[in-house]
Amino acid sequence: MTVQAASPMISHSGQPLKGEVRVPGDKSISHRALMFGALAVGETRISGLLESEDVHHTGDAMRALGASVHRSDDGVWHVRGVGVGALREPENALDFGNAGTGARLVMGMVGSHPITATFIGDASLSKRPMGRVLDPLRQMGTQVLARAGDRLPLTLRGPETAMPLSYRVPVPSAQVKSAVLIAGLNAPGVTTVIEPVPTRDHTERMLSGFGADIVTTQNEAGERVIRLTGQPELTPQDITVPCDPSSAAFPIVAALITPGSEVTVRDVLLNPHRTGLFTTLREMGADLEILNERETGGERLGDIRVRHGVLKGVTVPADRAPSMIDEYPVLAIAAAFAQGETVMLGLEELRVKESDRLSAVAAGLKANGIDHEEGADTLLVRGASTVPGGGTVVTHLDHRIAMSFLVLGLAAQAPVTVDDGAPIATSFPGFTQLFESLGGNIETPGAA
Ligand code: S3P
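Residues numbered from 1 in each chain as written. Predicted model: local features only at pLDDT ≥ 70, side-chain atom pairs only at ≥ 80, totals over all residues. Heavy atoms only, no water.

1. Things to note about the overall build of the chain
- Helix and strand counts for the chain stand at 12 helices and 24 strands.
- For a compact globule of 448 residues, the expected C-alpha radius of gyration is about 22 Å, and the chain comes in at 21 Å, within 12% of that figure.
- C-alpha extents for the chain along the principal axes are approximately 60 × 50 × 45 Å.
- The burial tally for the chain puts 59% of its 448 residues in the buried class.
- Counting only contacts in the chain whose residues sit at least 6 apart along the sequence, the fraction spanning at least 24 positions is 76%.
- When the accessible area of the chain is evaluated, it comes to approximately 15900 Å², of which 49% is carbon and sulfur surface.
- Of the charged side chains in the chain, 38 are positive and 51 negative; the average position of the first set lies 1 Å away from that of the second. (Helix = DSSP H or I, 4+ residues; strand = E, 2+ residues; numbered from the N terminus. Rg over C-alpha atoms; globule rule 2.2 N^0.38 Å. Buried < 20%, exposed > 50% of the residue type's maximum accessible area, 1.4 Å probe, protein only. Contact = heavy atoms within 4.5 Å. Areas by Shrake-Rupley, 256 points an atom, 1.4 Å probe, with all protein chains shown as cover. Lys, Arg positive; Asp, Glu negative; His and termini not counted. Charge placed at Lys NZ, Arg CZ, Asp CG, Glu CD.)

2. Structural notes on the packing of helix α1 (residues 27-39) against helix α3 (residues 100-111)
- Where α1 contacts α3, the two axes come as close as 11 Å, and the packing angle between them is 25°. In terms of axis orientation, α1 runs roughly parallel to α3. As α1 packs across α3, the resulting crossing turns out to be right-handed. Every residue of α3 that contacts α1 at K27, H31, R32, M35, A38 and L39 is listed here: T101, G102, L105, V106 and M109. (Axes fitted to C-alpha atoms, helices over the stretch in contact; angles between N-to-C directions. Parallel < 35°, antiparallel > 145°, perpendicular 65-115°, else oblique. Left-handed = near helix turned anticlockwise from the far one by under 90°.)

3. Structural notes on the pattern of salt bridges
- Using the criterion set out here, one finds 40 salt bridges in the structure.
- Salt-bridge contacts for D244 lead to R274; the nearest nitrogen and oxygen are separated by 3.1 Å. Taken together, the positions of D244 in the loop between β14 (238-240) and α7 (245-257) and R274 in the loop between β15 (262-269) and α8 (276-283) put the pair 30 residues apart, joining distant regions of the chain. Each member of the pair, D244 together with R274, is buried.
- E354 is the partner of R357 in a salt bridge, and the nearest nitrogen-oxygen pair spans 2.9 Å. (Salt bridge = Lys/Arg side-chain N within 4 Å of Asp/Glu carboxyl O.)

4. Overview of the nonpolar core
- The biggest cluster of nonpolar side chains holds 73 residues, and the ones touching the most others in it are I252, L281, Y328, L331, M344 and F435.
- Not counting chain neighbours up to four residues away, the residues in contact with Y328 comprise V316, R320, A321, M344, L345, L347 and L350.
- The next biggest cluster of nonpolar side chains, apart from the first, holds 65 residues, and it includes F36, V79, L125 and V193. (Core = buried A, V, L, I, M, F, W, Y, C linked by side-chain atoms within 4.5 Å.)

5. As for the pairing of strand β11 (residues 190-195)
- The buried fraction of β11 is high, at 5 of 6 residues.
- Bridging between strand β10 (residues 166-168) and β11 involves 3 bridges; their strand directions are parallel. Bridging from a neighbouring strand, R168 pairs with I194 of β11.
- Crossover β10 to β11 through helix α5 (residues 174-184) is right-handed. (Pairing = 2+ DSSP bridges. Right-handed = clockwise from strand over helix to strand, strands pointing away.)

6. A short note on the site of the ligand
- Near the ligand the following residues occur: K27, S28, R32, T101, P172, S173, A174, Q175, R200, I325, D326 and K353.
- Here an oxygen atom of the ligand and a side-chain polar atom of S173 are 2.8 Å apart.
- Q175 places a polar main-chain atom, nitrogen or oxygen, 2.8 Å from an oxygen atom of the ligand.
- Contact with the protein chains covers 95% of the free accessible surface of the ligand, which is 390 Å². (Near = heavy atom within 4 Å. Polar contact = N/O pair within 3.5 Å; in protein donor to acceptor, adjacent residues only side chain to side chain.)

7. Let's talk about the domain arrangement of the chain
- One can read the domain layout of the chain as domain 1 (9-25 + 242-443) and domain 2 (27-240).
- For domain 1 and domain 2, the distance between their C-alpha centres works out to 29 Å.
- At the junction of the two partners, domain 1 supplies 24 residues and domain 2 supplies 28 residues.
- Across the domain 1/domain 2 interface, buried area totals approximately 2200 Å², and carbon plus sulfur atoms make up 50% of it.
- Taken together, the connections running from domain 1 to domain 2 amount to 4 salt bridges.
- For E354, the salt bridge is made with R128, and the minimal N-O distance between the two is 3.8 Å. (Domains from an automatic or database assignment. Buried area = accessible area lost by both parts, 1.4 Å probe.)

8. So, the sheet that holds strand β19 (residues 341-344)
- A sheet is described by the order of its strands in space; here 4 strands give the open sequence β18-β19-β21-β20, paired in mixed fashion. Two strands close off the open sheet at either side, each with one partner strand: β18 (315-316) and β20 (372-374).
- Pairing of β20 with strand β21 (residues 379-382), which is carried by 3 bridges, proceeds in the antiparallel orientation. Note that in β21 the partner of E373 across the bridge is L380.
- Each of β18, β19 and β21 is contacted by helix α9 (residues 328-336), which is oriented at about 165° to β19, the strand it contacts most.

9. Description of the pairing of strand β5 (residues 77-82)
- Pairing between strand β3 (residues 41-47) and β5: 6 bridges, direction antiparallel. Looking across to β5, one finds that V41 is bridged to V82.
- Pairing between strand β4 (residues 68-71) and β5: 4 bridges, direction antiparallel. Residue V69 lies in a different strand from β5, and its bridge partner there is V79.

10. Thoughts on the packing of aromatic side chains
- Applying the stated criterion across every chain, the model contains 5 aromatic pairs.
- Ring-pair connections join several aromatic residues into one group, and the members of that group are F250, F428, F431 and F435. (Phe/Tyr/Trp six-rings, centres within 6.5 Å; stacked < 30°, edge-to-face > 60°.)

11. Considerations on unusual backbone geometry
- L152 connects to P153 through a cis peptide bond whose omega is -5°.
- By secondary structure assignment, the location of P153 is in strand β9 (residues 151-157).
- The backbone phi angle of Q231 is positive, close to 55°, even though this residue is not glycine.
- Relative to the helices and strands, Q231 resides in the loop between β13 (224-229) and β14.
- The class of Q231 is partly exposed, set by a relative accessible area of 45%.
- Within the chain, N292 stands out as a residue other than glycine whose phi angle is a positive 55°.
- For N292, the location among the structural elements is in strand β16 (residues 287-296).

Structure representation (structure tokens):
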């Protein structure tokens with residue numbers, strides 16, 4: 001089990017944020033590039049891979065399952081895959097650290113191969129529900145040895161031949177959709193996933209790029225129907241990973257709330273299933289411009305330029321949640337500086353992220369004197385022209401809670417402390433340095 005020492009961090013307000021930055025590669029695409037590379041026959045090359053703890057755990061798991069994974073001096077990652085159906089039984093437990101995406105998608109890989117593997121993770125991941133992925137895998141023939149409540153640690157044994165499945169995902173989750181599709185790669189025949197609420201489609205796009213026969217249509221009820229023909233030979237790819245919009249969210253919101261700021265974040269992934277925060281910020285009146293929009297490697301990207309200005313409260317509809325599911329903590333920070341109330345609806349999935357994000361955000365707002373109301377699946381934030389700050393926020397091993405409240409401290413009246421910034425390394429290496437380059441003041445007291 002992964003255990004890290006807690007490392008408190010503190011942010012202070014100061015000068016305006018100015019400059020042009022790139023954030024690290026997209027986490028969702030990075031995990032998938034390593035996994036599909038491992039399932040292809042031959043060498044996949046990946047540029048711009050997110051070199052963070054979560055993604056390193058996936059790389060290690062791919063090695064343990066038989067792929068060769070290495071980074072050359074030019075920063076390119078090389079994955080020599082074994083082919084669908086040929087994964088090797090790992091000798092040791094697969095450790096996913098903090099990463100739900102890594103754990104759940106690899107469960108799909110292992111679950112349809114006739115191998116046994118044990119999945120472990122840190123204290124946060126060991127609390128998260130895995131039944132949402134194990135239920136469809138059980139229907140495909142996977143044996144599951146798990147403690148009550150389907151939490152990690154658990155052991156999977158895939159069947160000799162997995163049964164293709166037609167599965168309607170009961171929760172809006174790209175991870176569940178992806179786990180079923182990935183399991184379907186090694187099932188004979190067609191695996192179908194029905195998605196009542198559309199979620200990020202990186203799995204579908206990337207599998208198609210690797211040569212899988214995967215087709216998305218819409219049924220009469222308006223649901224997405226994804227059909228994958230199993231047992232393809234996947235062809236290795238050259239992949240360039242765009243910058244992560246979920247990481248770009250932090251400098252973007254920081255600039256919007258810090259007087260005098262102007263920041264450009266370059267090469268940001270603009271897949272429409274990921275841009276809900278940018279839509280919401282614009283509705284709030286943010287001066288947010290998308291420049292140089294272009295299509296690369298099957299994904300839309302662009303540069304995002306933001307300038308500080310007056311924000312106003314809005315209602316964020318529930319059906320926008322899947323396209324900004326990881327961005328609510330930092331939206332709550334923007335909302336604290338807006339005029340009036342911001343109401344966020346349909347947040348039930350926030351309760352099962354790296355932490356219960358709804359209660360972690362509410363507790364952080366309270367600690368910093370920000371007026372708010374937490375509902376079962378809603379959050380209301382009452383903005384103010386001056387935001388007190390001065391609190392200490394409990395991060396519960398959740399990188400996005402840590403980063404969001406450090407952003408708060410850049411514009412609040414008094415410095416904001418987070419009890420543990422170590423989890424930031426799961427998704428955003430270089431977070432502090434990036435803010436330093438913009439003129440932001442974030443410290444790790446006690447660091448060398
Ligand atoms: C992800 C899907 C989302 C998101 C997570 C990454 C993915 O999770 O919160 O950070 O890469 O598929 P859910 O599928 O659980 O909503």
